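# Structural overview
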Amino acid sequence: MKNLILLFYFSGFILLISCQSKPSEKQSYTSGKEQILVDESFAPIIEDQAFLFESTYPNAKLELVMKSENELLNLFLSDSIQVAILTRELKDNERKHFESKNIKIRSNRFAIDGIALITHNSSKYVNVDVSDIIKILKGEPSALQSLVFDNANSSTVRYFKELAVIDQLPSTGIYALKSNADVIKYVNDNPGSIGVVGVNWMVQPPAELETIVTDLKILGVKNVAGRPGSDAYYKPNQNDIALEKYPLTRSLYVINCEGGAGLGTGFASFITGDRGQRIVLKSGLLPDSIPSREINIVN
């Protein structure tokens, strides 16, 4: 009986050791599991990219972690997730964080996004001047009554702070909710308001927002005098973005600090490749590289 008990404990010990020494799941460019940090302000297009990537490579599983820019960067710089999709490249101090650990940073632009100003179809607003946007952001008298943003910590808010050259938003006339979806719902329920969202949310909204979006309109925007797009009101369509006429644009980057041959690298290559760029083209954003077209000539 004593020998049987010893054998039982010995077997359990061997099992424990074998479990602890089990190698982690092997990862390649097209297989394995990976978390990807994604700026929430352009979530729909990355969801489309991930869906097609996983459909193409059945052994690949991506977990998209949607966050505001500040939350996203905190996670990225804590080394908990190694691939991030942002509206800007890393700053010098952020780059040094990875370089000090001998981690190579791979940064690729894959699209140019237009930031859309939206309102209800019944609203009096049709067009907006950038000069009035700057005025309301500075707390000065403006033709605009209010602007509604997605999140106080978002890349969109940062963009508009930089546009107006301010450090803090005024206490009146500016509202920040929790997400782009919340902005769309708020503007629908408050016809006099103007919301600020990534254009992809209007071109390819989630299923639960499709009906609401049909009741909203995208406003034309004129730039300040002396800058491109100051001669007329332009909208965030691909043509006006490509011609640099629409004033409110930003570049989108996939930043890979994986440091090796992993699934994040494979996804980054997919987004910047031909198939990924076709998804960008379909989304309403401007691809970084225009996908090629095949023409069959029949004699």
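Sequence order as written defines the numbering, with residues in each chain counted from 1. Local features in this predicted model are restricted to residues whose pLDDT is 70 or higher, and side-chain atom pairs enter the listing and the counts only when it is 80 or higher, whereas totals over whole chains, interfaces and linings include all residues. Only hydrogens and water are set aside; all other atoms, that is, all heavy atoms of the structure, feed into the side-chain values.

### Comments concerning unusual backbone geometry
Definition in use: Numbering goes from the N terminus for both helices and strands, where a helix is a DSSP run of H or I of at least four residues and a strand is a run of E of at least two. When a residue's accessible area, from a 1.4 Å probe over protein chains only, is under 20% of the maximum for its type it is buried; when over 50% it is exposed; and in between it is partly exposed.
One non-glycine residue, Asp-79, lies in the positive phi region at around 70 degrees. Within the secondary structure, Asp-79 is located in the loop between α3 (69–77) and β3 (83–86). The backbone of Glu-244 sits at a positive phi, close to 60 degrees, despite the residue not being glycine. Residue classification places Glu-244 among the exposed residues on the basis of a relative accessible area of 59%.

### Some details on the packing of aromatic side chains
Keep this limit in mind: Any pair of Phe, Tyr and Trp rings, taking the six-membered ring for Trp, is counted once the centres come within 6.5 Å. Such a pair is stacked with planes under 30 degrees apart, edge-to-face with planes over 60 apart, and tilted for the rest.
Counted according to the given criterion, the structure contains 6 aromatic pairs. For the pair Tyr-159 and Phe-160, a centre-to-centre distance of 5.5 Å together with 65 degrees between the ring planes defines the contact as edge-to-face. With respect to class, Tyr-159 is no different from Phe-160; both count as buried. Members of the aromatic cluster, joined through ring pairs, are Phe-53, Tyr-57, Phe-267 and Phe-270.

### Regarding the packing of helix α2 (residues 43–56) against helix α11 (residues 263–272)
The description of two helices packed together rests on the angle between their axes and the distance between the axes. As a reminder, the rule being used: Axis lines are fitted through C-alpha atoms, for helices just across the contact stretch, and the angle between N-to-C directions can take any value from 0 to 180 degrees. Small angles under 35 degrees read as roughly parallel and large ones over 145 as roughly antiparallel, with 65 to 115 read as roughly perpendicular and the rest as oblique. With the far helix as reference, a near helix turned anticlockwise by less than a right angle produces a left-handed crossing, and one turned clockwise produces a right-handed crossing. Here, residues are in contact when the closest pair of their heavy atoms is within 4.5 Å.
One can describe the packing of α2 onto α11 by two numbers: an axis separation of 11 Å at closest approach and a directional angle of 110 degrees. Compared by their axis directions, α2 and α11 come out roughly perpendicular. Taken as a pair, α2 and α11 cross one another with a handedness that is right-handed. Contacts between α2 and α11 involve Ile-46, Gln-49, Ala-50, Leu-52 and Phe-53 on the former and, on the latter, Leu-263, Gly-266, Phe-267, Phe-270 and Ile-271.

### Some remarks on the side chain of Asp-240
Rules: Charge counting follows a simple rule: Lys and Arg are positive, Asp and Glu are negative, and His as well as the terminal groups are ignored. Every case where a carboxyl oxygen of Asp or Glu lies within 4 Å of a side-chain nitrogen of Lys or Arg is listed as a salt bridge. N or O atoms within 3.5 Å of each other form a polar contact, as long as, within protein, one can give a hydrogen and the other can take it, and as long as residues adjacent in sequence are counted only when both atoms are side-chain atoms.
Mapped onto the elements, Asp-240 comes out in helix α10 (residues 238–242). The side chain of Asp-240 is buried and forms no salt bridge, while Lys-245, the nearest opposite charge, is found at 8.2 Å. In terms of polar contacts, Asp-240 uses its side chain to reach the backbone amide nitrogen of Lys-235, at 3.4 Å. Beyond its immediate chain neighbours, meaning those up to four positions away, Asp-240 contacts Tyr-234, Lys-235, Lys-245 and Tyr-246.

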